[in-house]
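Here is how the chains run, residue by residue.
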Amino acid sequence: MSTPQQHKLHNIDINLIEMTLDIMKYVIGRITDTDPDLGYFESAEALKEKVGETITAKGLGGEKAFDLWKTVLAPACTVIDHPRHLAFVPAAPSRAAIMFDLVTSASSIHGAYWMEGAGGIFAENQAMEWLVSLTGMPEPAFGVFTSGGTAANLSALVTARETWRKNNSGNDSKRGLLITSSGAHSSIKAIGKVIDADVYLIESEEELKANELQNYIDQLNPEDRARTFAIVATAGTTNAGIIDDLNGIASVCKKENIWFHVDAAYGGGALATSKTRPLFNGIKHADSVTIDPHKWLFSPYDCGAVIYKNPSLAKEAHAQEGSYLEIFKDEGADGFNPSDYQIQLTRRLRGLPLWFSLAMHGTEMYENAINRGLELAQIAGDKITEHPDLELVREPSLSCVLFRRKGWKAEDYRNWTYKNHKDGYALVTPTKWKKKDKTYETCARFCFINPDTTVEDIEGILSTME
């Protein structure tokens with residue numbers, strides 16, 4: 001009997017072995033590099049001129065393709081975990097999480113159903129239990145890992161909308177309405193378009209308070225009040241790290257019988273430290289919560305999480321039906337199926353890198369790393385206050401710091417950003433803040449995630465504004 005020939009696409013030959021060694025050498029070098037090049041973008045035309053056509057009939061060969069990545073394409077990307085990358089909400093995945101992301105991919109496991117991914121899903125669920133415990137949400141609260149905050153928010157708000165419809169059959173023909181603050185993440189407005197719902201914004205540059213929300217609801221006409229299916233509070237706004245009045249908003253939602261969702265995609269990491277956990281008082285009353293481990297919980301992209309107070313409602317909203325899926329619901333494959341609780345059917349085991357890093361390091365090390373981000377924000381605030389040409393726009397909140405350079409205009413901040421980035425020194429981008437006179441000013445913004453950022457880094461960046 002002849003031995004079946006392996007398809008050349010999957011050949012294990014000397015070329016593959018050499019490429020594996022090259023890739024592992026690159027990975028080890030990247031993981032152990034404590035001061036990597038920052039990287040700077042190039043235009044598509046410039047990159048095309050350098051790399052030419054990479055997808056060809058015969059292929060370039062691994063050595064050539066990998067060389068193009070190392071010498072041209074990778075340098076045109078910004079390193080997200082660079083210690084002087086303080087823009088947007090950066091990331092700083094632990095080395096352990098990065099390494100286990102390789103294991104996750106190499107293991108080739110489908111993480112949608114228990115029948116296929118029991119061991120991996122079990123590990124993910126261990127990490128999820130820890131996340132749920134941080135919120136204080138009572139049993140049977142639980143959740144799943146998603147591709148990020150947008151997918152998590154979308155999954156939660158679809159559940160909210162479907163629950164609203166189920167509770168009143170007359171709602172099936174109504175266009176839903178959700179209410180949030182003007183400081184909410186951009187994904188909330190985008191989600192309104194996806195699920196064909198109206199999004200009403202309460203103008204609130206600082207924290208959204210319960211009395212503001214109640215007054216807003218009281219002023220709605222009866223039709224809008226009847227179609228309001230969710231309130232979205234933010235626990236750590238992306239722009240300034242502001243936490244809404246979660247406890248008060250929870251009371252309003254309970255009184256008005258409206259789904260209470262908390263977007264803690266960025267700020268949720270601060271639940272892991274006793275220093276800031278009290279700031280989230282009331283989050284345990286939420287019907288759903290979003291947290292992004294790929295932000296302040298040191299996981300690699302992409303890893304979000306959505307937690308439900310009542311997971312069965314999410315299952316009713318999201319579980320898919322199909323003849324080819326029936327086996328997954330068989331008693332012989334009984335177990336937790338992550339795809340039943342969020343919008344994606346096919347999914348990788350995004351929570352595994354977080355699980356491994358937590359299992360390896362322990363939660364105390366996580367608390368220490370998050371505390372460092374909080375400390376860096378306070379240190380930066382002090383440095384700015386002491387500087388004759390700088391001043392705080394508002395007091396630091398969580399790990400966000402908004403500040404201005406006296407006399408600068410919007411183009412000055414923009415030019416400063418590009419110069420530092422192009423020089424390979426730092427990436428710090430401007431934002432806008434609404435002043436008391438209702439006009440907006442452009443200012444600079446720090447967001448500290450990486451515990452390896454130093455005081456010298458802060459001082460060096462501030463010195464570039466002189």
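Just so it is clear, the model here is predicted, and its values are computed rather than measured.

A.B. asks: Which residues make up the sheet that holds strand S2 (residues 177-181), and what are the values?
C.D. replies: Ordered by their spatial adjacency, 7 strands build an open sheet running S1-S7-S6-S5-S4-S2-S3, and the pairing between neighbours is mixed. The strands lining the two open edges of the sheet, one partner per strand, are strand S1 (142-146) and strand S3 (198-202). Across the sheet, the mean angle separating the axes of adjacent strands is 20 degrees when strand polarity is ignored. Judged from the 4 bridges that link them, S2 and strand S4 (residues 228-234) form a sheet pairing that is parallel. Its bridge partner being in S4, Thr180 is matched across the sheet by Val232. Helix H7 (residues 186-194) contacts S2, S3, S4 and strand S5 (259-263) of the sheet and is inclined by roughly 155 degrees relative to S3. Contacting S4 and S5, helix H10 (residues 246-256) runs over the sheet at an angle of about 155 degrees to S5.

A.B. asks: I'd like a rundown of the environment of Asp457, residues and numbers included.
C.D. replies: Relative to the helices and strands, Asp457 resides in helix H16 (residues 455-463). When the C-alpha positions of Asp457 and Tyr425 are compared, they lie 9.6 Å apart, and in sequence the two are 32 residues distant. For Asp457, the residues in contact, after removing those within four places along its chain, are Pro83, Arg84, Tyr425 and Asp452.

A.B. asks: Outline the packing of helix H13 (residues 352-361) against helix H14 (residues 363-386), supporting the account with residue identities and numerical values.
C.D. replies: Running from N to C, H13 and H14 point in directions that differ by 100 degrees, and their axes come no closer than 6 Å. In terms of orientation, H13 lies roughly perpendicular with respect to H14. Contact residues: H13 offers Leu354, Ser357, Leu358 and His361, while H14 offers Thr363, Met365 and Tyr366. Looking at side-chain class alone, the contact of H13 with H14 contains 4 nonpolar, 3 polar and no charged residues.

A.B. asks: Pulling in residues and values, what's your account of the pattern of salt bridges?
C.D. replies: Within the structure shown, the criterion is met by 26 salt bridges. Between Asp292 and Lys295 there is a salt bridge whose closest N-O contact spans 2.4 Å. Linked by salt bridges that have partners in common, Arg175, Asp196, Asp198, Asp224 and Arg227 make up one network.

A.B. asks: Which residues make up the nonpolar core, and what values do they have?
C.D. replies: Grouped together as the largest cluster of nonpolar side chains are 70 residues, with contacts concentrated most on Leu131, Leu246, Phe260, Val262, Val289 and Trp296. The leading source of residues in this core is helix H5 (residues 114-135), at 8 residues. Residues in contact with Val262, not counting those within four places in the same chain, are Ala233, Ala235, Leu246, Ile283, Ala286, Ser288, Val289 and Thr290. Counting 20 residues, the second largest nonpolar core, distinct from the first, contains Ile384, Leu390, Phe403 and Tyr413.

A.B. asks: Explain the pairing of strand S6 (residues 288-291) residue by residue, including any values.
C.D. replies: Side chains Ser288 and Thr290 of S6 all project onto a buried face; the interleaved residues Val289 and Ile291 project onto the opposite face, where all are buried too. Sheet topology places S5 next to S6; 3 bridges connect them, and they run parallel. Note that in S6 the partner of Val262 across the bridge is Val289. Of the strand pairs in this sheet, S6 and strand S7 (residues 304-308) are connected by 4 bridges, and their pairing is antiparallel. Bridge pairing in S7 places Ile291 opposite Ala305.

A.B. asks: How would you explain the pairing of S4 if you had to name every residue and give the values?
C.D. replies: Counting buried positions along S4 gives 7 out of 7 residues, so the element sits mostly inside the fold. Bridge count between S4 and S5: 5 bridges; the pairing is parallel. Note on S5: the bridge partner recorded for Ile231 is Phe260. Where the polypeptide runs from S4 across H10 and back to S5, its parallel neighbour, the crossover connection is right-handed.

A.B. asks: Any details on the packing of aromatic side chains? Residues and values, ideally.
C.D. replies: Tallying each qualifying case throughout the model produces 16 aromatic pairs. Pairwise contacts between aromatic rings join Tyr40, Phe41 and Tyr418 into one cluster.

A.B. asks: Pulling in residues and values, what's your account of unusual backbone geometry?
C.D. replies: Cis peptide bonds are those with omega within 30 degrees of zero, and the linkage from Glu139 to Pro140 qualifies with 10 degrees. Inspection of the secondary structure puts Pro140 in the loop between H5 and S1. Cis geometry marks the peptide bond from Tyr301 to Asp302; its omega dihedral reads -5 degrees. Along the polypeptide, Asp302 turns up in the loop between helix H11 (293-296) and S7. A positive phi angle, close to 60 degrees, is found at Asn257, a residue other than glycine. Mapping Asn257 onto the fold places it in the loop between H10 and S5.

A.B. asks: Describe the sheet that holds strand S11 (residues 440-447), naming the residues involved and giving the relevant values.
C.D. replies: Here we have 4 strands laid out as an open sheet, ordered S8-S9-S11-S10, and antiparallel in their pairing. Only two strands of the sheet have a single neighbouring strand rather than two, namely strand S8 (390-392) and strand S10 (430-434). Sheet twist, expressed as the mean angle between neighbouring strand axes with direction ignored, is 45 degrees. Pairing of strand S9 (residues 400-405) with S11, which is carried by 4 bridges, proceeds in the antiparallel orientation. In the strand pairing of S11, Phe403 is matched with Ala444.

Parameters at a glance
- Residues numbered from 1 in each chain as written.
- Predicted model: local features only at pLDDT ≥ 70, side-chain atom pairs only at ≥ 80, totals over all residues.
- Heavy atoms only, no water.
- Pairing = 2+ DSSP bridges.
- Helix = DSSP H or I, 4+ residues; strand = E, 2+ residues; numbered from the N terminus.
- Axes fitted to C-alpha atoms, helices over the stretch in contact; angles between N-to-C directions.
- Contact = heavy atoms within 4.5 Å.
- Parallel < 35°, antiparallel > 145°, perpendicular 65-115°, else oblique.
- Nonpolar A, V, L, I, M, F, W, Y, C, P; charged D, E, K, R; others polar.
- Salt bridge = Lys/Arg side-chain N within 4 Å of Asp/Glu carboxyl O.
- Core = buried A, V, L, I, M, F, W, Y, C linked by side-chain atoms within 4.5 Å.
- Buried < 20%, exposed > 50% of the residue type's maximum accessible area, 1.4 Å probe, protein only.
- Right-handed = clockwise from strand over helix to strand, strands pointing away.
- Phe/Tyr/Trp six-rings, centres within 6.5 Å; stacked < 30°, edge-to-face > 60°.

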